Amino acid sequence: MTKFEALGLQQSLLDAVADMGFETPSEVQEKAIPILLQGEIDLVALAQTGTGKTAAFGFPLIQKIESASRTTQGLILSPTRELCLQITNEIQAYAKYEKGVNVVAIYGGASITEQSRQIKRGAQIVVATPGRMKDMIGRGLVDISKIDYCILDEADEMLNMGFYEDIKDILSNTPKEKSTWLFSATMPKEVATIAKKFMHSPQEITVGTKNSGATTVQHEYYVVGGRDRYPALKRLADAHPDIFSVVFCRTKRDTQKVAENLIEDGYNAGALHGDLSQNQRDLVMNAFRKKQIQMLVATDVAARGIDVDDITHVINYQLPDEIETYTHRSGRTGRAGKSGISMVIVTRSEMRKIQAIEKKIKQQFINKKIPTGPEICEIQLYHLANKIKDTEIAKDVEGYLPAVNDVLQGIDRDELIQKIVSVEFTRFSNYYNKTKDLNTVDSRDRDNRKREKGSMSGNGSVRYFINVGEKDGYDWMSLKDFIRDTASLGREDIFRVDVKDSFSFFNSEAAVTDQILNTFTEFKVDGRFVNVEVSKSPGGSSGKRGGRDKGRRRDKDRTGRRDRNFAKNSPKDSGKRRSKRRSDFF
Ligand code: AMP
């Protein structure tokens with residue numbers, strides 16, 4: 001009998017377990033599954049993400065529901081869209097040999113019509129975020145009045161996110177006679193209140209900390225301009241000469257490009273992504289395991305199989321779309337009781353992603369500065385000195401020493417050391433002498449720079465094109481606010497905002513051009529790229545008073561098409577229309 005069989009799981013689930021490659025039940029599974037299968041009880045389980053809790057409630061739920069009935073019998077509430085989708089996928093995988101089980105995900109930001117269509121087809125299990133669930137109940141699109149099981153997953157997180165009222169409303173639409181299983185990483189007062197109010201003498205289980213050793217990972221972020229990602233990566237590597245790292249990129253193309261650039265620039269790097277043959281991937285992985293490769297540049301998918309224990313750094317060259325992916329990435333370091341560092345290279349506009357991750361991982365990031373040239377030179381110098389000190393003298397060297405001594409005759413010890421060190425040092429110092437500080441300027445620096453430039457309004461200003469306009473819900477005032485807030489600019493930094501139908505123009509002083517362009521590099525709103533470019537015609541195509549102008553001139557857009565919507569840019573609704581809500585990235 002396998003350990004999973006001993007928990008009381010039926011054959012269809014055991015087959016799925018085998019397919020998933022699970023060998024032994026995790027602690028939470030061992031504790032929760034037997035008691036949930038045994039009877040109809042309420043359960044409070046203190047367990048974090050990564051402990052296998054989805055299977056801990058997923059297996060019993062699948063085993064207990066009537067798959068022949070189309071009635072919704074199980075509801076799982078989870079805090080985020082990502083978690084909701086993840087749970088749905090997992091439960092679908094667990095139920096793959098259990099005929100007729102339909103698991104439907106309900107979450108915001110996707111078509112409600114499509115979701116309700118899926119529900120209508122009959123979903124025994126619904127996995128939902130509270131907001132969308134409440135919305136669908138209100139519209140009569142989902143019926144949870146006959147559920148037998150309600151699972152509150154990451155209850156503390158849901159309450160953190162302000163879902164208490166929604167949860168209360170949702171639960172009031174469920175029958176009194178049902179079992180409630182609550183999973184939470186922590187037990188703050190609010191969670192205890194929910195347990196007390198909505199559960200009947202719940203059994204409690206507590207699971208030790210997750211085995212990924214996440215607490216041994218230090219999380220750091222570095223804010224740079226969008227175009228400085230690569231030089232920043234090089235500096236991080238140069239400042240950590242013994243680095244043994246995985247560098248994560250979002251796409252196969254970026255992965256290949258970054259790896260190629262690193263190799264060209266003299267780093268021990270290699271690429272790992274899905275476009276490589278199995279043989280190529282094996283070669284790269286072997287070289288990495290042997291530490292011949294210090295920087296393994298990888299996609300998330302390709303990196304899944306990396307089972308190397310002593311990775312010192314994970315570098316997020318680009319942040320992933322999903323927070324969960326970040327957790328997987330950073331979990332590659334800090335393994336087997338060792339400590340590790342997860343570094344994130346971000347642009348200013350991505351800062352809110354950092355906050356979202358902090359909330360999720362319940363750990364603070366440290367804001368670090370990309371090392372400057374002199375700092376790197378110093379680090380490299382010490383590294384070299386230590387390397388010399390620790391180097392074992394090769395036996396074979398002896399035979400050559402007389403000749404070497406001849407060459408170096410007359411040079412005293414100090415001078416010799418200086419010369420040896422300079423061989424390596426000069427390479428770095430020559431390179432870094434010419435480079436700038438990569439850290440983005442803070443607002444005080446900006447103000448100073450502006451003051452230095454004096455009153456350069458007018459001919460010192462730059463005209464930009466931005467690919468959003470009225471169609472996206474902007475007027476001149478809301479667009480100005482949006483650009484200013486996103487690029488962290490001051491009140492007067494953006495002017496002559498000229499909103500067209502599907503694009504717009506605006507001006508700024510030249511001093512903040514880099515900041516604006518960097519902010520809007522690879523910047524997305526609602527999944528769509530928002531690009532800003534310096535307008536080809538610096539005079540711009542606006543009327544003199546920008547957005548407030550009633551558009552007396554017919555402007556040509558960038559494709560040369562006549563803009564017929566110029567009159568829409570009317571002052572009458574300026575400022576009244578609310579700025580389009582910008583979705584969270586996660
Ligand atoms: P969770 O805590 O539910 O988010 O699970 C974390 C990860 O562990 C998921 O990718 C599961 O597929 C995986 N997992 C769950 N149970 C086991 C198990 N018994 N053995 C190995 N992996 C598991």
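Residues numbered from 1 in each chain as written. Predicted model: local features only at pLDDT ≥ 70, side-chain atom pairs only at ≥ 80, totals over all residues. Heavy atoms only, no water.

Colleague: Before we go on, may I ask you to explain the overall build of the protein chain in this structure?
Modeller: Counting secondary structure elements, the protein chain contains 22 helices and 20 strands. Out of the 586 residues in the protein chain, the part that is buried amounts to 49%. For the protein chain, restricting intrachain contacts to residue pairs at least 6 apart in sequence, the fraction spanning at least 24 positions comes to 76%. Accessible area of the protein chain: about 29,700 Å², with a carbon and sulfur share of 49%. (Helix = DSSP H or I, 4+ residues; strand = E, 2+ residues; numbered from the N terminus. Buried < 20%, exposed > 50% of the residue type's maximum accessible area, 1.4 Å probe, protein only. Contact = heavy atoms within 4.5 Å. Areas by Shrake-Rupley, 256 points an atom, 1.4 Å probe, with all protein chains shown as cover.)

Colleague: Can you help me understand the sheet that holds strand β17 (residues 504-509) in this one?
Modeller: Two strands in a sheet stick together by hydrogen bonds in their backbones, pointing the same way (parallel) or opposite ways (antiparallel). Strand order in the open sheet formed by 4 strands is β16-β17-β15-β20, with antiparallel pairing between adjacent strands. Edge positions in the sheet fall to β16 (494-499) and β20 (532-534), since each of these pairs with one other strand and no more. The sheet shows a mean angle of 25° between the axes of neighbouring strands, taken without regard to direction. Two strands pair when backbone bridges link them, and strand β15 (residues 461-466) and β17 are joined in this way by 6 bridges, in the antiparallel orientation. Paired with Tyr-464 across the bridge in β17 is Phe-506. Here helix α21 (residues 476-486) sits on the sheet in contact with β15, β16 and β17, set at roughly 130° to β16. (Pairing = 2+ DSSP bridges. Axes fitted to C-alpha atoms, helices over the stretch in contact; angles between N-to-C directions.)

Colleague: Even after reading the chapter, I still don't get the environment of Phe-244, so can you show me in this structure?
Modeller: The residue Phe-244 is located in the loop between α11 (229-238) and β9 (245-248) in this model. Note on Phe-244: relative accessible area 4%, which makes it buried. For the pair Phe-244 and Asn-268, spaced 24 residues apart in the sequence, the C-alpha separation amounts to 9.8 Å. Not counting residues up to four positions away in its chain, the partners in contact with Phe-244 are Phe-288, Lys-291, Ile-293, Gln-294, Val-308, Asp-310, Ile-311, Thr-312 and His-313.

Colleague: When you look at the site of the ligand in this model, what are you seeing that I'm missing?
Modeller: Around the ligand sit 14 residues in total, of which Thr-24, Gln-29, Gly-50, Gly-52 and Thr-54 are the nearest. Taking Thr-51, its main chain carries an N or O atom lying 3.0 Å from an oxygen atom of the ligand. Between the ligand and Lys-53, the relevant distance is 3.2 Å, taken from an oxygen atom to a main-chain nitrogen or oxygen of the residue. Expressed as a share of its isolated accessible area of 500 Å², the protein-covered part of the ligand is 74%. Listing elements by their share of the shell around the ligand, those giving two or more residues are α4 (53-64) and α5 (81-94). Each residue belonging to the shell around the ligand can be placed in one class, and the counts come to 3 nonpolar, 9 polar and 2 charged. (Near = heavy atom within 4 Å. Polar contact = N/O pair within 3.5 Å; in protein donor to acceptor, adjacent residues only side chain to side chain. Nonpolar A, V, L, I, M, F, W, Y, C, P; charged D, E, K, R; others polar.)

Colleague: Would you mind going over the pattern of salt bridges with me for this structure?
Modeller: Any two side chains of opposite charge can pair, so long as their charged atoms come close to each other. Taken as a whole and judged by the stated rule, the model has 23 salt bridges. Among the salt bridges present, the one from Glu-154 reaches Lys-360, with a minimum N-O distance of 3.4 Å. Residue Glu-154 is located in the loop between β5 (149-152) and α8 (155-160), and its partner Lys-360 is located in helix α16 (residues 351-361); the two are separated by 206 residues in the primary sequence. By the burial criterion, Glu-154 is buried, and Lys-360 matches it. Between Glu-220 and Lys-368 there is a salt bridge, with its nearest N and O atoms 3.1 Å apart. Within this pair, whereas Glu-220 is found in strand β8 (residues 217-223), its partner Lys-368 is found in strand β14 (residues 366-368), the two being separated by 148 residues in sequence. Salt bridges sharing partners connect three or more residues here, namely Lys-53, Asp-153, Glu-154, Glu-324 and Lys-360. (Salt bridge = Lys/Arg side-chain N within 4 Å of Asp/Glu carboxyl O.)

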